[in-house]
Amino acid sequence: MKNSNEAMQSQQIKDIIDKVLTVSAVEEMSQIWDAAIGSYAFPQADIGSFAEFNECLTEFVMHMPGYSREVSSGRTSADSLAEAISLLERHYDNNGATGYDAAYLDAIDTFGAGITAVLTQLGEAMKQQKLIRLIEWHTANLINPTDWQLQKQIVTHLIKLLGDSLPEVIRNSDPSRFTNTYRDLIALLQSAGQV
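Notes on the structure follow. (Residues numbered from 1 in each chain as written. Predicted model: local features only at pLDDT ≥ 70, side-chain atom pairs only at ≥ 80, totals over all residues. Heavy atoms only, no water.)

Focus on the nonpolar core
And step 1. One finds F53, L57, F60, L88, L119 and L122 to be the most contacted residues of the largest nonpolar core, which totals 28 residues.
And step 2. Going through the elements one at a time, α2 (23-39), α3 (50-63), α5 (77-91), α6 (99-108) and α7 (114-142) are the ones with two or more residues in this core.
And step 3. Per-element tally for this core: the top contributor is α7, with six residues.
And step 4. Other than its neighbours up to four places away in sequence, L88 contacts F53, L57, G99, Y100, A103, V118 and L122.
And step 5. Within the second largest apolar cluster, 19 residues are counted, among which are I16, I154, Y182 and I186. (Core = buried A, V, L, I, M, F, W, Y, C linked by side-chain atoms within 4.5 Å. Buried < 20%, exposed > 50% of the residue type's maximum accessible area, 1.4 Å probe, protein only. Helix = DSSP H or I, 4+ residues; strand = E, 2+ residues; numbered from the N terminus. Contact = heavy atoms within 4.5 Å.)

Listed below in structure tokens is the structure:
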């Protein structure tokens, strides 16, 4: 009887994770963002100044899905630029050169990455941020934040799924240590493409 109960619990956890990661919703949002990045009219001319770089970042952010509506409802160009700078600071990486300053240097490098590579990476960071928000929304609607036992079961299941992609210390520790990070593990599962 215990095996039957464990199998039911395992299936329940799998169903919850599947619903949180609703593949169709994640894929749909990914496709929308990929299309938006692909449809952006990347600058043909080289970026020659700091002001041009910032202007390009602002225009790019305002081109992305949902941002044009936000502009009409009070979002300013300065807000868009601030978001771009924040995302570049946290996520831009070109062979170890990281952050906003590295992105600027790459954008003005006529023989290197160029502005197109910088904007493409910025678009990917924006897309990942939106996907994480989507997953968090699903998580909040499907998992009771006070159900510690369910969270522990989810973490146990996710650690098994993610396996070797997790550090050994996580794999070999008691899953109850990580119940407060189940959302992060779900996002890691999505970004690892194991959905």
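Having seen the structure, we can now continue with the description.
Regarding the layout of surface pockets
And step 1. Of the volumes computed, that of the largest pocket is approximately 230 Å³.
And step 2. E6, Q9, S10, I13, Q149, K152, Q153, T156, H157 and K160 are the residues that line the largest pocket.
And step 3. When residues of the lining of the largest pocket are traced back to their parent elements, those giving at least two are α1 (2-20) and α8 (148-162).
And step 4. With six residues, α8 is the single largest residue contributor to the lining of the largest pocket.
And step 5. The residue inventory of the lining of the largest pocket, partitioned by class, reads one nonpolar, six polar and three charged. (1 Å grid on protein atoms, 1.4 Å probe; cavity = no way out; pocket = protein on both sides within 12 Å on 5 of 7 lines; lining within 4 Å. Points joined across faces, edges and corners; volume = space filled by probe spheres on them. Nonpolar A, V, L, I, M, F, W, Y, C, P; charged D, E, K, R; others polar.)

Some thoughts on α6
Within an α-helix, residues lying three or four positions from one another point in the same direction, as the helix has 3.6 residues per turn.
And step 1. Most of α6 sits out of view: seven of its 10 residues are buried.
And step 2. Turning to α6, its buried residues number three or more, namely G99, Y100, A102, A103, Y104, D106 and A107.
And step 3. On its buried side, α6 packs onto α3, α5, β1 (93-94), β2 (97-98) and α7.

Observations concerning the packing of α3 against α7
For any two helices packed against each other, one specifies the crossing angle of their axes together with the interaxial distance.
And step 1. At a minimum axis separation of 11 Å, α3 and α7 run at an interaxial angle of 40°. With respect to α7, the axis of α3 lies oblique. For the crossing formed where α3 meets α7, the hand is right-handed. Touching F53, C56, L57, F60 and V61 of α3 are I115, V118, L119, L122, G123 and M126, all from α7.
And step 2. Taken together, the residues that form the contact of α3 with α7 break down as 10 nonpolar, one polar and no charged. (Axes fitted to C-alpha atoms, helices over the stretch in contact; angles between N-to-C directions. Parallel < 35°, antiparallel > 145°, perpendicular 65-115°, else oblique. Left-handed = near helix turned anticlockwise from the far one by under 90°.)

Comments concerning α3
And step 1. Here α3 is 14 residues long and its end C-alpha atoms lie 20 Å apart, about the 20 Å a rise of 1.5 Å per residue gives.
And step 2. All of the buried residues in α3 are F53, N54, C56, L57, T58, F60 and V61. (Expected span 1.5 Å × (residues − 1).)

Notes on the environment of P175
And step 1. With respect to the helices and strands, P175 occurs in the loop between α9 (168-171) and α10 (182-191).
And step 2. For the pair formed by P175 and T156, sequence separation is 19 residues and the distance between their alpha carbons is 5.6 Å.
And step 3. Beyond its immediate stretch of four places on either side in the chain, P175 contacts K152, V155, T156 and I159.

Some words on the pattern of salt bridges
And step 1. What the rule picks out here adds up to two salt bridges.
And step 2. Across the pair K127 and D34 runs a salt bridge, and its minimum N-O distance is 2.8 Å. Here K127 is found in helix α7, whereas its partner D34 is found in helix α2, with 93 residues between them in sequence.
And step 3. Here E124 and K127 are joined by a salt bridge, their closest N and O atoms 3.4 Å apart. Of the two residues, E124 and K127 both sit in helix α7, three residues apart, roughly one turn of that helix.
And step 4. On the basis of relative accessibility, which here comes to 31%, the residue E124 falls in the partly exposed class.
And step 5. With relative accessibility at 8%, the residue K127 sits in the buried group.
And step 6. Overlapping salt bridges bring together D34, E124 and K127 as one network. (Salt bridge = Lys/Arg side-chain N within 4 Å of Asp/Glu carboxyl O.)

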